[in-house]
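# Observations on the model geometry
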Amino acid sequence: MGVMRIGHINLRVLDMEAALKHYEGVLGLIRVDEDADGNVYLKGWDEWDKYSVILSPADQAGMNHVAFKVRRDTDLDALREKVEAYGISTEMVPPGTLRDCGRALKFNLPSGHEFYLYAQKAFVGKAVGVTNPEPWPDGLKGAGVHWLDHALLMCELDPEKGVNKVAENTKFMEEALDFRVAEQVMVGPDHSIQAATWMFRTSTPHDIAFVGGPKMGLHHVAFFLDEWNDVLKAADIMAKNKIKMDVTPQRHGITRGYTIYFFDPSGNRNETFAGLGYLTQPDMPTITWTEENLWRGIFYHTGEEAGEFTDVYT
Ligand SMILES: [Fe+2]
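The present account deals with the structure reproduced in this document.

Reading guide: rules and limits
- Residues numbered from 1 in each chain as written.
- Predicted model: local features only at pLDDT ≥ 70, side-chain atom pairs only at ≥ 80, totals over all residues.
- Heavy atoms only, no water.
- Helix = DSSP H or I, 4+ residues; strand = E, 2+ residues; numbered from the N terminus.
- Buried < 20%, exposed > 50% of the residue type's maximum accessible area, 1.4 Å probe, protein only.
- Contact = heavy atoms within 4.5 Å.
- Areas by Shrake-Rupley, 256 points an atom, 1.4 Å probe, with all protein chains shown as cover.
- Lys, Arg positive; Asp, Glu negative; His and termini not counted.
- Charge placed at Lys NZ, Arg CZ, Asp CG, Glu CD.
- Donors = N, O, S within 2.8 Å, 3.2 Å for Na, K, Ca; no water.
- Pairing = 2+ DSSP bridges.
- Axes fitted to C-alpha atoms, helices over the stretch in contact; angles between N-to-C directions.
- Expected span 1.5 Å × (residues − 1).
- Arc of directions from axis to C-beta.

Okay, the overall build of the protein next. Scanning the protein for helices and strands turns up five helices and 18 strands. When the backbone C-alpha atoms are referred to their principal axes, the protein occupies close to 55 × 45 × 40 Å. Buried residues in the protein amount to 55% of all 314 residues. A separation of at least 24 residues holds for 65% of the contacts in the protein among residues at least 6 apart in sequence. A total of about 13900 Å² of accessible surface is found on the protein, and carbon and sulfur atoms cover 49% of it. Here the protein contributes 31 positively and 46 negatively charged side chains, and the mean placements of these two sets differ by 4 Å.

Right under this line is the structure:
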């Protein structure tokens, strides 16, 4: 079956105390562990595995790596062959390299982002359990986000130099990891330049997305909420906590999700993403947005560019 879903993201933070106040107190992630190097591990209440976010102390914000979970351990061997055959070198790192995970396949996407695949991570379950569960647990903090939903990575795009890491990543994810493109933005002459893609392995419109920019980086990491009222409440909680919001509650044209964009204290952009969007299936056609409608695709209500949205990222 290959890749199942996004498993975790490793974010760099400048001030761990401030970061934990944000990720625990405002987003509502649950702290589960800390290692000798000061990395802190957190999970959403609606996730089975031990953690989905690693916060690492650092001098510069951004993302160290993103990891996806595959169905079976043998998938790692099969995918290693495909990734190597594609022309990307890999390393199979031993169990425990990723804390509480089995062996993992490590490589870099064509854009340069560090990427892991693993098949096993410690199971801790949900507080509501698996027998006659309540719909949600008591004691949730802040917005009470359910799970890590997706990451959007910025990739170098310079058509004049013939550089398009969005297209390179997309082709690699399709051919080596069997992801599919739910939506794409095509710009330039004859709409010939693939400037952004939203890709899936699950049944939601994206598990990972790539957008072109001047340099590689992390645009945002998104956490799931059920529905629009939860988004409104999350915005209230952010306002109470004086969180810097980039974009207040709004609908995306692309993916149809309900969104808020905001920043953690280190400057990493976060998103709370709600709603199913729509159900993706392997036989769906790719949806295309053209350059003239790009901003309607991103912010459906205003249809306008938001100041720092494309320029500021870690
Ligand atoms: Fe997003």
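At this site the iron ion is bound by His150 (NE2), His220 (NE2) and Glu271 (OE), with donor distances of 2.0 to 2.1 Å. Sequence spacing of the donors to the iron ion: H-x69-H-x50-E. Within this pair, whereas His150 is found in strand 9 (residues 148-158), its partner Glu271 is found in strand 17 (residues 269-274), the two being separated by 121 residues in sequence. Taken as a pair, His150 and Glu271 share a single burial class, namely buried.

The strands making up a sheet are joined through hydrogen bonds of the backbone, oriented either antiparallel or parallel. The mixed open sheet is built from eight strands, whose spatial order is 2-3-4-1-5-8-7-6. Whereas interior strands pair on both sides, the edge strands pair on one side only; in this sheet they are strand 2 (30-34) and strand 6 (91-93). Within the sheet, the average angular offset between the axes of one strand and its neighbour, ignoring direction, is 25°. Bridge count for strand 1 (residues 3-13) against strand 5 (residues 62-70) is eight bridges, and the pairing is antiparallel. Paired with Ile6 across the two strands is Phe68, which belongs to strand 5.

Before going further, it helps to examine helix 2 (residues 73-86). Under the 1.5 Å per step criterion, the end-to-end length of helix 2 is 21 Å for 14 residues, consistent within 8% with the ideal 20 Å. Among all positions of helix 2, only Asp75, Leu76, Leu79 and Val83 are buried. Considered in projection along helix 2, the buried side chains sweep an arc of 100° and stay on one side of the axis. Seen from the buried face of helix 2, the exposed residues on the opposite side, beyond 90 degrees, are Thr74, Glu81 and Ala85. Among the structural elements, strand 1, strand 5, strand 6, strand 7 (104-108), strand 8 (114-118) and helix 3 (165-177) are those in contact with the buried residues of helix 2. Gly87 lies just past helix 2 and shows a positive phi near 110°.

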